[in-house]
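Listed here are the chains, written in short residue letters.
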Amino acid sequence: MTAQQPIRKQVDPAERVRLLHQLERKLLWLSAWMIHHANHLRPNRDGLKVGGHQASCASAVSIMAALYFEILRPQDRVAVKPHAGPVFHAINYLLGRQDREKLSTLRAFRGIQPYPSRVKDGAEVDFSTGSVGLGVALTTFGALVQDYVHLHGLGRADIPPGRHVAIVGDAELDEGNIYEALLEGWKHDIRNVWWVVDYNRQSLDSVVPDRLFGRIEGLFRDMGWNVVTLKYGRRLQAAFARPDGDALRRWIDDCPNSLYAALTFQGGAAWRNAVLADLGRVDGVRAIIDPLTDDELAELMTNLGGHDIETLTEAFRAQDAAGDQPTCFIAYTIKGMGLPFAGHKDNHAGLMTKEQMADFRRAMRIRDGHEWDPFEGLDATEAELRAFLDACPFATPLAPEGRRLKGPSVHVPATFPAPRVPAGRKFSTQAAFGEILAEIGRGHGDAAELARRIVTTSPDVTVSTNLGPWVNRRGIFDRHKKNDVFRDAKLASAQRWGMSPEGQHVELGIAEQNLFLVMAGLGLAHDLHGARLLPVGTVYDPFVNRGLDALIYACYQDARFLLVSTPSGLTLAPEGGQHQSVNTPLIGIAQDRLASFEPAHADELAILMRYAFDHMQKPDGSAVWLRLSTRGLAQPERTLDPADVIAGGYWVTPPAPGARIAIAYQGPVAPEAMEAFATLREEEPAAGLLAITSPDRLHAEWLAARRARRTGQGRAASTIETLLSPLAPDAALVTVLDGHPAAHAWIGAVRGQRVVPLGVDRFGQAGDIPDLFREYGLDAEAILDACAEALLPA
């Protein structure tokens, strides 16, 4: 059976609901027990609280049971509310996709992660979540990428397009990136997206203000979303239909969130007193509540839509039949529903005590030693439940290889030609990037398939980051064909901005979070859609920081892309400190699953671009970051060894054996370093000049070599150790880059040598390059002063 043919045996609706309630009950138990086991039954060697979110799991149990056991199809992709991770793992356990032994490893070393992780929890996780709000927004861009893949004819024929679903904690909607994504989604007319909001009205510290969702609902509608509010379950709706039931409904509608939460925690007697205090003289209301015991009244008053399987499944099916309009379901729930601290404002990180768990165990009819049994304590038989689970649409395999698909690698030509620069003309790495990509965009020869698979994107800086020539050749992507009005009117313009489903550039508004989320979606297309895409995103280097959370999130998912950040540093002289970056080289060194480079010349860039498109496709590869500049430099005539450039550094002028000093430079400060080096050689003819293309790669390989030596591989050596080996053991190094000097300062630890690192460690200002380089100590004179300092006796 394929994803196109999920078949479910016809089951009586009442029987189906009965079995769903049984599975809902089991999810509540398993999620609570996983967390309890992690905190109370596993050895705790360091005394730290292990933690977990029993209350947050409980509020999402019914929503997730309805989705996974009744509604979702195999081709649908889901971002699970971070704090509901244990519910997700329990679902996979019941579906036979998670080992029983693994359930007991929640939050343990090499065990189940606190929040669902694609890399560490395995193929069942579609989108990593945990960085609040980002997983929600990614479903929007995942849907956009799915449209791109299918409109370009790259999708697999055996897997139809699916829906992108986010199970959303209501406090996640405080995150600003949610609304940036909503606006961008509206621009791109995204379809097939559901956000199901677990509206328990409690956040980490407090109860959510009343009527907040009245505002949020309006925002969704303004962005073209359908909004479905699921406030009351069937029992409450039946009560409202009785004489004077409308008075009870108005009372609940007007009940402040904080009071509702408190009454839920207090129980049936408190509910009775509160209702009768206001409605005790209303005969119909008395007729509704007087016959009920306190426990029955508590059950009635907490019968919200998000805990009512029938209400949930009917709403989901109705919207499924209505079409592909993006939809927000606001499902009213109670945080901690079914647990002893339901409704209490402090329950976010609350854990059941051992005594409370013992009571809960008895209520769930779980025998000692049978806590992990999949069907323990349920009324339905194992045979009934297994048959029901096997027939769930989501239980159908997505593909023979599972939910993690395989996108074949794309051929990358052996070399990328560097732009031809006439003698005497200066050229920047940013301009070279634009020319190299535009040449690939011609799609000639063995670059044809590579050109077809590249997707570019930029947050409204397409032209100013030199993507214009590529866009002119490949077009802008849009689900609908839109003509270039200027071109139709025969008005002169260097840019041709026609949009169509065949375009290969995704134009974004100025929101860097969206850039990195789009890159994440594009960079996971091989896993999620079986179609290999090669995303290239451009952004001004200082504004990487504005989207840093989303960049880290994309890397955490192991999304593959090429980030080009340009212009960078003080070298963007007249733009002033707001546009001049300082810390980005340090981010490049520190960020996992991101190989960072800063070439100085066009020939280095051509090598690194070719490497990036190949490296991002390798199983052990990663995303790649190129930090570029607008400063034009004279281009040397030479032949470089690509391996040296990729490894992170090479000698422009090798030092003589036993040399006392060397100068190392990175990026567009090359002219100043070369000028200083020429002067230095007059007194120190043995000195060397080192070009650093990647302190990140040098540092990473050095750490790897040290780890290898600690494990007995005594001959392991790194590139930086090999590069420095000709220098005298007490030789000095002067390093310089247009960025924070700490990016190079670590080099002194490689052999215990003295390093004088030059760079920028404070906000810049407007000016020209000579003034700024002199002020911030990057000019040739400052480099020579540093050399003199480095050669002084210790």
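Along each chain, numbering runs from 1 in the same order as the chain's sequence is written. In view of the model being predicted, local features appear only for residues whose pLDDT reaches at least 70, and side-chain atom pairs are presented and counted only at 80 or more, with totals across whole chains, interfaces and linings using the full set of residues. Side-chain numbers come from the whole structure's heavy atoms, not from hydrogens or water.

## Details of the sheet that holds strand β17 (residues 659-666)
Then, number 1: Taken together, five strands build an open sheet; the order of strands is β16-β18-β17-β19-β20 and the sheet is mixed. Each edge of the open sheet carries a strand with a single partner, namely β16 (649-653) and β20 (754-758). Strand-to-strand twist in this sheet, taken as the mean axis angle between neighbours without regard to direction, amounts to 25°.
Then, number 2: By the convention used here, strands pair only if DSSP detects at least 2 bridges between them. Secondary structure is summarised from DSSP: a helix means a run of H or I of at least four residues, a strand means a run of E of at least two, and numbering begins at the N terminus for each. Relative to β20, strand β19 (residues 727-737) is paired through five bridges, and the arrangement is parallel. Of the residues in β20, the one forming a bridge with Ala732 is Arg754.
Then, number 3: The contact definition used throughout considers only heavy atoms, calling two residues in contact when any of these lie within 4.5 Å. As a rule, the C-alpha atoms of each element are fitted with a line to give its axis, helices using only the stretch in contact, and angles between N-to-C directions run from 0 to 180 degrees. Of the strands in this sheet, β17, β19 and β20 are in contact with helix α34 (residues 780-791), which crosses β20 at around 160°.

## Some thoughts on the layout of surface pockets
Then, number 1: Its boundaries defined by the atoms lining it, the largest pocket holds a volume of some 1100 Å³.
Then, number 2: Buried and open spaces are told apart on a 1 Å grid over the protein atoms alone, a cavity being a set of points where a 1.4 Å probe fits but cannot get out and a pocket being an open set with protein on both sides within 12 Å along at least five of seven lines. Residues with an atom within 4 Å of a point are the lining residues. Along the wall of the largest pocket there are 39 residues; nearest its centre are Glu299, Thr302, Met337, Gly338 and Leu339.
Then, number 3: Mapped by element, the contributors of at least two residues to the lining of the largest pocket are α1 (13-41), α2 (54-71), α11 (257-266), α12 (268-279), α14 (294-301), α15 (309-322) and α16 (354-364).
Then, number 4: Just so you know the grouping, Ala, Val, Leu, Ile, Met, Phe, Trp, Tyr, Cys and Pro go in nonpolar, Asp, Glu, Lys and Arg go in charged, and all remaining residues, Gly too, go in polar. Per-class residue counts for the lining of the largest pocket are 16 nonpolar, twelve polar and eleven charged. Grid points are joined across faces, edges and corners, and a volume is the space filled by probe spheres set on the points.

## Re the packing of aromatic side chains
What characterises a pair of aromatic rings is the spacing of the ring centres plus the angle enclosed by the ring planes.
Then, number 1: Stacked, tilted and edge-to-face pairs are distinguished by plane angle, under 30 degrees for stacked and over 60 for edge-to-face with tilted covering the rest, among Phe, Tyr and Trp rings (Trp via its six-membered ring) whose centres lie within 6.5 Å. What the rule picks out here adds up to 20 aromatic pairs.
Then, number 2: For the pair Phe416 and Phe613, a centre-to-centre distance of 6.1 Å together with 50° between the ring planes defines the contact as tilted. Linking Phe416 in the loop between α17 (382-390) and β6 (426-427) with Phe613 in helix α26 (residues 602-615), this pair joins segments that are 197 residues apart in sequence.
Then, number 3: Note on classification: 1.4 Å probe, protein chains only; a residue is buried when its accessible area is under 20% of the maximum for its type, exposed when over 50%, partly exposed between these limits. The buried category is assigned to Phe613, whose relative accessible area is 0%.
Then, number 4: With centroids separated by 5.5 Å and ring planes inclined at 25°, the aromatic side chains of Trp702 and Trp746 adopt a geometry described as stacked. With Trp702 in helix α29 (residues 695-710) and Trp746 in the loop between α31 (742-745) and α32 (748-751), this pair connects stretches of sequence that are 44 residues apart. For the pair formed by Trp702 and Trp746, the shared burial category is buried.
Then, number 5: It is Arg107 that lies over the ring of Tyr115; its NZ or CZ is 5.8 Å from the centre.
Then, number 6: We count a charge as sitting over a ring when the NZ of a lysine or the CZ of an arginine lies within 6 Å of the ring centre and within 35 degrees of the ring normal. Between Arg546 and the ring centre of Phe543, over which it is positioned, the NZ or CZ distance is 4.4 Å.

## Quick notes on the pairing of strand β13 (residues 594-597)
Then, number 1: On β13, burial covers both faces: Leu594 and Ser596 on one face and Ala595 and Phe597 on the other are all buried.
Then, number 2: Two elements, β13 and strand β14 (residues 623-627), share four bridges in a ladder whose sense is parallel. Across the sheet, the residue bridging to Leu594 is Ala623, located in β14.

## Considerations on the packing of helix α6 (residues 134-151) against helix α7 (residues 176-187)
Then, number 1: Two numbers describe how α6 lies on α7: the axes approach to 9 Å, and their chain directions differ by 10°. By the angle class used here, α6 and α7 are roughly parallel. Residues Leu134, Val136, Ala137, Thr140 and Phe141 of α6 form the contact with α7, whose participating residues are Asn177, Ile178, Ala181, Glu184 and Gly185.
Then, number 2: Of the residues belonging to the contact of α6 with α7, the class tally is six nonpolar, three polar and one charged. Any angle that is under 35 degrees is reported as roughly parallel, and any over 145 degrees as roughly antiparallel; angles of 65 to 115 degrees are reported as roughly perpendicular and all others as oblique.

## Points about helix α10 (residues 245-254)
Each turn of an α-helix holds 3.6 residues, which means side chains three or four residues apart point in the same direction.
Then, number 1: Of the residues making up α10, those classed as buried are Gly245, Ala247, Leu248, Trp251 and Ile252. Projected down its long axis, α10 shows its buried positions confined to an angular sector of 160°, all on one face.
Then, number 2: Each element contacted by the buried residues of α10 is listed here: α9 (234-240), α11, α12, α13 (283-289) and α14. Here, the arc refers to the directions that run from the helix axis to the C-beta atoms.

From the geometry alone we can't say anything about function, so treat these as descriptive.
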